[in-house]
Amino acid sequence: MGRRSDHTREELRALFILEGHAHLAQAGLAKFSGREVAKRVGYSVGTISNLFGSVDGLIAAINSRSFEIWAQILRERMDCAQEDRIAALVDGYFAFAEHSPELWSAIYAHRLPEGMDLPEEDKARRAGLTQIVEDEIRAVLPTGTEADVVRLARSLVAVVHGHCSFVVSGSFALLEEPDPQGAALARVRESLAAHGYQAGDFRPRAT
């Protein structure tokens, strides 16, 4: 068992998040164990309360790390995309969910206890992914569009999420849908087209 003085508080938080992330990816949220994470790190389970307030706080921090990894996947898809960056966004969404289904599911399944707020640090870490989506949608809509880009981005994420959740759960197989990702992309294009988007339209974003 390690001693608390072996690491700084920041180092310990990083270790618990890293090992917790690996454990969550393997076990899933339903079987997640704070005691198992502490064992992997080499500290007592009480350290979780000292660092995160509770196991829920640790899971929230782990999910925030998942958001950062997910955002990086989207950026990589954007870097490889030609002009069809909307397709790249949808592809990046599906890529993370299909490669890491337990981590993806935990983001949406975990609920903080009543009265417990998400720390501002975690909110900031999660905002990066949403910002990528908003920036890309803003870039493909006509200049001067009256669309509420923030609300539209949220709605389109919900559309893609619904298709993706059916893939992860196996529901689309029962519905005999051969291309759920293609279907999600088609619905996104239809929504954007209502605001003036045409496939292939893209304006370079200001840097």
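J.: Can you walk me through the packing of aromatic side chains in this structure?
T.: Two aromatic rings, taken as a pair, are described by how far apart their centres are and by the angle between their planes. Under the criterion given, the structure shown has 6 aromatic pairs. Geometrically, the ring pair formed by Trp70 and Phe96 is stacked, given 5.0 Å between the ring centres and 20° between the ring planes. Note that Trp70 is positioned in helix α4 (residues 55-80) and Phe96 in helix α5 (residues 85-99), a separation of 26 residues in sequence. Of the two residues examined, Trp70 and Phe96, each falls in the buried class. Ring centres of Tyr93 and Trp104 lie 6.4 Å apart, and the angle between their planes is 80°; this geometry places the pair in the edge-to-face category. Linking Tyr93 in helix α5 with Trp104 in helix α6 (residues 101-109), this pair joins segments that are 11 residues apart in sequence.

J.: Got a minute to help me understand the pattern of salt bridges in this structure?
T.: Opposite charge on two side chains makes pairing possible when the charged atoms of those side chains draw close. One pass over the structure, following the stated rule, counts 9 salt bridges. Here Glu136 ties to Arg85 by a salt bridge, and the two come within 2.8 Å at their closest N and O atoms. On the criterion of sequence distance, the pair formed by Glu136 in helix α7 (residues 120-140) and Arg85 in helix α5 is long-range, its members being 51 residues apart. Pair check on accessibility: Glu136 and Arg85 agree, each one buried. Through salt bridges that share partners, Glu68, Asp122 and Arg125 make up one connected network.

J.: Got a minute to help me understand the confidence of the model for the protein in this structure?
T.: Averaged over all residues, the pLDDT of the protein equals 89, while 92% of them reach at least 70. Below a pLDDT of 50 lies the segment residues 202-207, which in the model reaches 15 contacts outside its immediate sequence neighbourhood of four places, other chains included.

J.: Where do I start with α4 in this structure?
T.: The periodicity of an α-helix, 3.6 residues per turn, causes residues three or four places apart in sequence to face the same way. Over its 26 residues, α4 runs 38 Å from end to end, which matches the ideal 38 Å to within 8%, given 1.5 Å per residue. Put simply, Ser54 is the residue that caps the front of α4, since its side-chain oxygen is 3.3 Å from the backbone nitrogen of Asp56.

Conventions used here
- Residues numbered from 1 in each chain as written.
- Predicted model: local features only at pLDDT ≥ 70, side-chain atom pairs only at ≥ 80, totals over all residues.
- Heavy atoms only, no water.
- Phe/Tyr/Trp six-rings, centres within 6.5 Å; stacked < 30°, edge-to-face > 60°.
- Helix = DSSP H or I, 4+ residues; strand = E, 2+ residues; numbered from the N terminus.
- Buried < 20%, exposed > 50% of the residue type's maximum accessible area, 1.4 Å probe, protein only.
- Salt bridge = Lys/Arg side-chain N within 4 Å of Asp/Glu carboxyl O.
- pLDDT = per-residue confidence, 0-100.
- Contact = heavy atoms within 4.5 Å.
- Expected span 1.5 Å × (residues − 1).
- Polar contact = N/O pair within 3.5 Å; in protein donor to acceptor, adjacent residues only side chain to side chain.

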